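# Report on the structure
Chain by chain, the residues:
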Amino acid sequence: MGPYAFLDNHATQEFSCLTAWFGRYAAETYDGILYLVGKERKEDKKVVSSEKIGLTNILNTLLRLYERLSDDLYGHVVERITEKDKDIELIAEWCVHYGMPMESDELWEKHSKIGFRLDTFYNRLHKLYNCYLLWRVLYLGDISEKNFYVSNKITIAQCRMHLKTNMALLNIRMIPVFDADPPTYQLVCPDLLEIAMAQMFFECMNTDGYNIGVCAVCGAPFPKTRKNNTLCEECQRTKYQRTRDKQRMVANIKKKSERTD
């Protein structure tokens, strides 16, 4: 039985965390550090849980966000991202939709602002994406040269060690729930980024088929709703559109042929 089957049989055992929600975000610099700060608060912090119908939604959307950001930001966020940068717009757009991915205690304690350091956020996102690339090598047999670990000829043994090291640092607490019958527990994470790492961890442990797919056309990650899914939503939509266009063209040719006859 795969780990998600275990979660499905225990309703309270879902990844959860407290998350702040804002209507918009702005990049602001405090003490020489660039933060993304929440503006127009929507509501008080609320618990966000990964639902059974979309167990890897947070993970998939963060992986897609990483692929949309500029290349080679790792280690250079401070000098390459400015307050009016396109990358900041993309991160802010994700936050409005899914909630604040992490929070900086220092920003709140010193300036009474709710937000997060952009360099720390990107470093954690980069680590998450690297785990995804390692998973592709180890579990999907990825041989694409676009994969860092493939192009740099990292051995399978080394890939296993890298993935094990990253996953060993997971920050998940098990909170007992004695009101349930039988008693169970909740898997609580400090923030949304850690939920995504936990979801990646469970993908590596899954034996019943994966919940993340890699699109056969564009190579993007996507949430799998069926085992035979091979295309992301965008490419699937394009495929259907091409099919409809082809059918329409054939039908028009047939009509013209009938009129000529």
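Procedures and definitions
- Residues numbered from 1 in each chain as written.
- Predicted model: local features only at pLDDT ≥ 70, side-chain atom pairs only at ≥ 80, totals over all residues.
- Heavy atoms only, no water.
- Helix = DSSP H or I, 4+ residues; strand = E, 2+ residues; numbered from the N terminus.
- Buried < 20%, exposed > 50% of the residue type's maximum accessible area, 1.4 Å probe, protein only.
- Contact = heavy atoms within 4.5 Å.
- Areas by Shrake-Rupley, 256 points an atom, 1.4 Å probe, with all protein chains shown as cover.
- pLDDT = per-residue confidence, 0-100.
- Pairing = 2+ DSSP bridges.
- Axes fitted to C-alpha atoms, helices over the stretch in contact; angles between N-to-C directions.
- Phe/Tyr/Trp six-rings, centres within 6.5 Å; stacked < 30°, edge-to-face > 60°.
- Core = buried A, V, L, I, M, F, W, Y, C linked by side-chain atoms within 4.5 Å.
- Parallel < 35°, antiparallel > 145°, perpendicular 65-115°, else oblique.
- Nonpolar A, V, L, I, M, F, W, Y, C, P; charged D, E, K, R; others polar.

## Looking at the overall build of the chain
Across its full length, the chain holds 10 helices and 7 strands. The buried share of the chain, taken over its 261 residues, is 43%. A sequence separation of at least 24 residues applies to 64% of the contacts in the chain between residues at least 6 apart. When the accessible area of the chain is evaluated, it comes to approximately 15,300 Å², of which 52% is carbon and sulfur surface.

## Some remarks on the confidence of the model for the chain
This prediction gives the chain a mean pLDDT of 83; 82% of its residues lie at or above 70. Note that residues 6-13 has pLDDT below 50 and, in this model, 16 contacts with residues that lie over four places away or in other chains.

## As for unusual backbone geometry
Phi is positive for aspartate 31, which is not a glycine, with a value near 55°. Residue placement: aspartate 31 occurs in the loop between β1 (15-30) and β2 (33-49). For aspartate 31, a relative accessible area of 55% puts it in the exposed group. Even without glycine at this site, glutamate 40 takes up a positive phi of about 55°. Among the secondary structure elements, glutamate 40 is positioned in strand β2. We classify glutamate 40 as exposed; its relative accessible area is 53%.

## Focus on the pairing of strand β5 (residues 184-188)
Across 2 bridges, the pairing between β1 and β5 is parallel. Paired with serine 16 across the strands is valine 188, a residue of β5. Judged from the 5 bridges that link them, strand β4 (residues 173-177) and β5 form a sheet pairing that is antiparallel. Its bridge partner being in β5, methionine 174 is matched across the sheet by leucine 187.

## Observations concerning the sheet that holds β5
As summarised here, the arrangement of the 5 strands in space is β3-β2-β1-β5-β4, forming an open sheet in which the pairing is mixed. Two strands lie at the open edges of the sheet, namely β3 (115-117) and β4, each paired on one side alone. Ignoring strand direction, the axes of neighbouring strands in this sheet form an average angle of 30°. This element, helix α4 (residues 86-98), spans β1, β2 and β3 of the sheet and lies at about 145° to β1. Against the sheet, helix α6 (residues 118-140) touches β2 and β3, its axis set at about 70° to β3.

## Structural notes on the packing of aromatic side chains
Counted by the stated rule, this structure contains 11 aromatic pairs. On the numbers, 5.9 Å between centres and 70° between planes, the contact of phenylalanine 22 with tyrosine 25 is edge-to-face. Judged by relative accessible area, which is 10%, tyrosine 25 ranks as buried. With a centroid separation of 5.3 Å and an interplanar angle of 55°, the aromatic rings of tyrosine 129 and tyrosine 132 are classed as tilted. With tyrosine 129 and tyrosine 132 both in helix α6, this residue pair falls 3 residues apart, about one helical turn. On the basis of relative accessibility, which here comes to 0%, the residue tyrosine 132 falls in the buried class.

## Here's the deal with the environment of valine 150
Examined against the element boundaries, valine 150 turns out to sit in helix α7 (residues 148-151). Here valine 150 falls in the buried class, since its relative accessible area comes to 18%. With near-sequence residues (within four places) excluded, valine 150 lies in contact with Val137, Asp142, Ile143, Ser144 and Glu145.

## Considerations on the environment of cysteine 235
Mapped onto the secondary structure, cysteine 235 falls in helix α10 (residues 233-260). The residues contacting cysteine 235, other than those within four sequence positions of it, are Cys215, Val217 and Cys218.

## Some details on the nonpolar core
By size, the foremost hydrophobic cluster in this structure holds 59 residues, and its most contacted members are Leu36, Leu62, Phe116, Leu128 and Met200. Only β1, β2, α2 (57-68), α4, α6, α7, α8 (156-167) and α9 (192-205) provide two or more residues apiece to this core. The residues touching leucine 62, leaving out its near neighbours within four places in the chain, are Trp94, Leu125, Leu128, Leu192, Leu193 and Ala196.

## Quick word on the packing of α2 against α9
Orientation of α2 relative to α9, taken along the N-to-C sense of each, is 105°, at an axis distance of 8 Å. Accordingly, the angle class assigned to the pair α2 and α9 is roughly perpendicular. Note on element contacts: α9 touches α2 through Leu192, Leu193, Ile195, Ala196, Gln199 and Met200, opposite Asn57, Ile58, Leu59 and Leu62. Looking at the contact of α2 with α9, its residues break down into 8 nonpolar, 2 polar and no charged.

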